[in-house]
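Reading the structure
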Amino acid sequence: MVCPNATKKKIANVSLNPLITWYFRQMSIKIRPGKLIDLPEVVKMIKELADYEKALDQVEITVEILERDGFGDHPYFWILIAEKHGEIAGLAFYFIRYSTWKGKTLYLEDFIVKDEFRRQGIGTELFNELKKIVNREGLDGIVWQVLDWNEPAIKFYKKLGATISSEWLDGRLSNPN
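Conventions used here
- Residues numbered from 1 in each chain as written.
- Predicted model: local features only at pLDDT ≥ 70, side-chain atom pairs only at ≥ 80, totals over all residues.
- Heavy atoms only, no water.
- pLDDT = per-residue confidence, 0-100.
- Contact = heavy atoms within 4.5 Å.
- Salt bridge = Lys/Arg side-chain N within 4 Å of Asp/Glu carboxyl O.
- Helix = DSSP H or I, 4+ residues; strand = E, 2+ residues; numbered from the N terminus.
- Buried < 20%, exposed > 50% of the residue type's maximum accessible area, 1.4 Å probe, protein only.
- Axes fitted to C-alpha atoms, helices over the stretch in contact; angles between N-to-C directions.
- Parallel < 35°, antiparallel > 145°, perpendicular 65-115°, else oblique.
- Left-handed = near helix turned anticlockwise from the far one by under 90°.
- Nonpolar A, V, L, I, M, F, W, Y, C, P; charged D, E, K, R; others polar.

Residues of the protein with pLDDT of at least 70 account for 85%, and the chain-wide mean is 87. A low-confidence stretch, residues 1–14 stays under pLDDT 50, and its non-local contacts, those more than four residues away or across chains, total four contacts.

As structure tokens, then:
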């Protein structure tokens, strides 16, 4: 039904504007594998996340360690980089772990979207790319940890259909002799 007092232009703007906005937002987001040149920014983002998680003093990682462990003949991890207009906007830092119950699983070590890029679809696009990797590699799924007080992250993960468990406690043995 056409409103008699509305012009075609106004009707088109109303009906197409959200679609056009979504399209151009998605077109400006690029997800790609991490490169050596990204590592200084990756370390900076890891430290910013650790500061947010009140654990900056625990970060020992350096560009050199990441280069050695992730970009040699046998990488221990991979990084997905989200770019918007050529700027690094987020990252997903992951590796493959093995569960005696489920088999191969993608473990998401860090998932970061810079504050100024949040609510622009970047986190969802990063997660969608992780899902593609899971499917392509025949993995059982994606697992990660989230701090119980990080409500924005928990809300985001639940929006994606994830379940958040409070049953398991973390164990760690550092520098065993």
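Moving on to the pattern of salt bridges. By the definition in use, this model includes seven salt bridges. One salt bridge connects Arg32 with Glu83, and the closest N-O pair in it is separated by 3.0 Å. Here the residue Arg32 occupies a position in strand S1 (residues 29–33), and Glu83 occupies one in strand S2 (residues 78–84), the gap between them amounting to 51 residues. Pair check on accessibility: Arg32 and Glu83 agree, each one buried.

We now examine the packing of helix H4 (residues 122–137) against helix H5 (residues 151–159). One way to put it is that H4 packs onto H5 with a least axis distance of 11 Å and a crossing angle of 55°. Taken together, the axes of H4 and H5 lie oblique to each other. Between H4 and H5 lies a crossing whose hand is right-handed. Contacts from Gly123, Thr124 and Phe127 of H4 reach H5 at Phe156, Tyr157 and Lys159. Of the residues contributing to the contact of H4 with H5, the split by class is three nonpolar, two polar and one charged.

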